[in-house]
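Listed here are the chains, written in short residue letters.
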Amino acid sequence: MDSQTAETLLYSITAVGAVVWVIGLHFLVRSFSSEAKKEEAEWAQASEERPPANWICGSADVEGQPPTLIPRAIAALVKGYARGIGSAKILERGDDRIVFEGVTDFLRRRQSPFRIRIAQIRFTSLENNRTRIDYAVQETGARWLLWVGAGFQCAGLIALVAGFLLVRVFLVANPSAAARTQTIQMMQCVHFLWPPFLFAGIYRIGRRAVRNGLDLLVHNLPYYDLDQR
């Protein structure tokens, strides 16, 4: 491999790596920020304060009234029927809301790193026998996934810069054609570029599982049987 070909190869691999790094940075930053801006805004309209960015929020408009729906919600939470949430300990029951926290269930050996630190489900009576249900959940135990991804993101930048300089000095400029062929080793930087997608992706999937579990719970409350076993 001649010097010009080796240099072109080096620049091409570095350029592709830089694009992947930028995409990974965008994916990671979006994962750090809340994925429920619209839901948070809706919650804030009816609340005195906006929940923090790491809270998972949502709402539903269902049939029935709070006095009927609240006992069903409590039964579902206590019995662990809400998927993605696990076991729950009821902390407060009011006329229009439920406050609960998640409890680690080691017997079920749940693999998800997500835990519910505190959560609130609020019931607002509407016309025509309808109720608006809003929920806000503070998750805990999974933010480390994003920080690990951020660490790999920094390592990826270092690998791209250091790799480019080392390959250019010791391989591209090497008088040996066999040594210049090793310019392809610049591709080893990929080992630092894919982990941010993995860790941020696991975090997003976990948040989505919690949100989907709560959505399923609140939408099914009108049809939940208190005597269900």
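Scroll up for the structure.
This structure is a prediction, so every number in the text was calculated from the model and none was measured.

The next thing to look at is the packing of helix α1 (residues 3-32) against helix α7 (residues 195-220). It is the contact of α1 with α7, at a shortest axis distance of 9 Å, that shows an interaxial angle of 25 degrees. Put simply, α1 runs roughly parallel to α7. Viewed along their axes, α1 and α7 form a crossing whose handedness is left-handed. Residues Val20, Ile23, Gly24, Phe27, Leu28, Arg30 and Ser31 of α1 form the contact with α7, whose participating residues are Pro196, Phe197, Ala200, Gly201, Tyr203 and Arg204. When grouped by side-chain class, the residues that make up the contact of α1 with α7 number eight nonpolar, three polar and two charged.

Moving on, we get to the packing of aromatic side chains. Tallied over the full model, the rule gives three aromatic pairs. The interplanar angle of 75 degrees and the centroid separation of 5.3 Å between the aromatic rings of Tyr11 and Phe164 together place this pair among those described as edge-to-face. In this pair, Tyr11 sits in helix α1 while Phe164 sits in helix α4 (residues 143-172), placing the two residues 153 residues apart along the sequence. Residue Phe164 is classed as buried on the basis of its relative accessible area, which comes to 17%. Its end group placed over the ring of Phe27, Arg204 keeps NZ or CZ at 4.2 Å from the ring centre.

How each quantity is defined
- Residues numbered from 1 in each chain as written.
- Predicted model: local features only at pLDDT ≥ 70, side-chain atom pairs only at ≥ 80, totals over all residues.
- Heavy atoms only, no water.
- Axes fitted to C-alpha atoms, helices over the stretch in contact; angles between N-to-C directions.
- Helix = DSSP H or I, 4+ residues; strand = E, 2+ residues; numbered from the N terminus.
- Parallel < 35°, antiparallel > 145°, perpendicular 65-115°, else oblique.
- Left-handed = near helix turned anticlockwise from the far one by under 90°.
- Contact = heavy atoms within 4.5 Å.
- Nonpolar A, V, L, I, M, F, W, Y, C, P; charged D, E, K, R; others polar.
- Phe/Tyr/Trp six-rings, centres within 6.5 Å; stacked < 30°, edge-to-face > 60°.
- Buried < 20%, exposed > 50% of the residue type's maximum accessible area, 1.4 Å probe, protein only.
- Lys NZ or Arg CZ within 6 Å of the ring centre and 35° of its normal.

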